[in-house]
Amino acid sequence: MADERARYFRRLRRLRRSARRWSVVGAGFAGAAAVLTPYAGLGLPDAAWAAAAGGSLVLAGWRWADLRRFAAVPAPPPQDPAIAAERTRARLIAAVESAPGGRSALAEVRRHRGRFALRGSAAAAGWDRLDRASATLTGLSPRLTGMGGSALLEAQVAEDSLRDLAHRVAGVEKAMRFAPPETEPGLTEAHRDLSRQLDEGVVAYERLVAAAAAYVAEDGRIGGTHPSVSRLTEASDLLRGVASGLAELRTTTTPAV
């Protein structure tokens, strides 16, 4: 959404320019009518000059009235820079996502940024495993149809939760570096519990990806030969038959020497 304050002042400038423009036009027509009318008396051309002058002056008056009414309205307060920056960021992200491949590029940037925030943390290994499993599931997702589609939604929710958990583990680790000695046992216990939950969650996610791969594999195992192989075999037999027929036709039509 555009800045309301900027839109207010843009409209104010447009009204002021319009009022000035019609004032100049009206004054020009009025001056021309005043100068040209006495030369030949009142006639049809003079009526046209007078009508143009009157109409322009009326429009100028309306524009000045619109300007005074709008200027009497208080200008919107200045926008908070943080809100303006967030709106600009949202518009930029939307523009990038609308471009071909923009959504996947943004997802990759977010993953790298999250991985950089976990450098040196015990959660980094789990994050990397989650990244590999997520990339595998993304490759399988176009073939996860029917009941497999609901698993994708569950996987997305679980992935977001595990990534948040990884950042929690890293946050507790940073707090442990400067925490008072009396709080160290509690933080250590919390860190151990969170790390265990992260490891169990990543293992469960990997099992889900393995199950998705098994689903895709079984869904593609149509008993016996794949239909594409049968169609290729039939096409090959057809081409061989046509080639044999053409060869026989050439033999029978070739004159004997």
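Look a little higher up for the structure.
Not measured: the values here are computed from a predicted model.

Procedures and definitions
- Residues numbered from 1 in each chain as written.
- Predicted model: local features only at pLDDT ≥ 70, side-chain atom pairs only at ≥ 80, totals over all residues.
- Heavy atoms only, no water.
- Helix = DSSP H or I, 4+ residues; strand = E, 2+ residues; numbered from the N terminus.
- Contact = heavy atoms within 4.5 Å.
- Areas by Shrake-Rupley, 256 points an atom, 1.4 Å probe, with all protein chains shown as cover.
- Salt bridge = Lys/Arg side-chain N within 4 Å of Asp/Glu carboxyl O.
- Buried < 20%, exposed > 50% of the residue type's maximum accessible area, 1.4 Å probe, protein only.
- Lys, Arg positive; Asp, Glu negative; His and termini not counted.
- Polar contact = N/O pair within 3.5 Å; in protein donor to acceptor, adjacent residues only side chain to side chain.
- Core = buried A, V, L, I, M, F, W, Y, C linked by side-chain atoms within 4.5 Å.
- Expected span 1.5 Å × (residues − 1).

A.B. asks: How would you summarise the overall build of the chain if you had to cite specific residues and measurements?
C.D. replies: Check the secondary structure of the chain and you find eight helices and zero strands. Its helices and strands in sequence order give the chain the pattern α-α-α-α-α-α-α-α, from N to C terminus. Sequence separation of 24 or more characterises 73% of the internal contacts of the chain that already satisfy a separation of 6 or more. For the chain, the exposed area adds up to about 17700 Å²; of that, 64% sits on carbon and sulfur atoms.

A.B. asks: I'd like to hear about the pattern of salt bridges, residue by residue, with values.
C.D. replies: Under the defined criterion, the tally for this structure stands at ten salt bridges. For arginine 163, the salt bridge identified is with aspartate 131, shortest N-O distance 2.8 Å. Taken together, the positions of arginine 163 in helix α6 (residues 147-178) and aspartate 131 in helix α5 (residues 123-140) put the pair 32 residues apart, joining distant regions of the chain. Note that glutamate 189 and arginine 192 form a salt bridge whose closest N and O atoms lie 2.4 Å from each other. Within this pair, glutamate 189 and its partner arginine 192 are both found in helix α7 (residues 184-220), separated by three residues, close to a single helical turn. The partly exposed category is assigned to glutamate 189, whose relative accessible area is 43%. If you follow the salt bridges from partner to partner, you end up with Arg63, Asp66 and Arg69 in one network.

A.B. asks: Give me the side chain of glutamate 173: which residues, what numbers.
C.D. replies: By the element assignment, glutamate 173 lies in helix α6. One buried charged side chain, glutamate 173, makes no salt bridge at all; its nearest oppositely charged neighbour is arginine 177, positioned 5.0 Å away. If sequence neighbours within four positions are ignored, glutamate 173 has contacts with Gly120, Ser121, Ala122, Ala123 and His191.

A.B. asks: Go over the side chain of serine 121 with me, naming the residues and quoting the values.
C.D. replies: Mapped onto the fold, serine 121 is located in the loop between α4 (102-117) and α5. For serine 121, a relative accessible area of 12% corresponds to the buried category. A distance of 3.1 Å separates a polar side-chain atom of serine 121 from the backbone nitrogen of alanine 123.

A.B. asks: Please give an account of the nonpolar core that cites residues and values.
C.D. replies: Leu137, Ala166, Leu198 and Tyr205 are the most contacted members of the largest nonpolar core, which totals 22 residues. Broken down by secondary-structure element, the contributors of at least two residues to this core are α5, α6 and α7. Apart from the residues lying within four places of it in its own chain, the contact partners of alanine 166 are Leu118, Ala123, Trp127 and Leu198.

A.B. asks: Explain α6 to me, and be specific about the residues and the numbers.
C.D. replies: With 32 residues, α6 ought to run about 46 Å at 1.5 Å a step, and its terminal C-alpha atoms sit 49 Å apart, in line with that. Here α6 has its buried residues at Gly148, Ala155, Glu159, Leu162, Arg163, Leu165, Ala166, Val169, Ala170, Val172 and Glu173.

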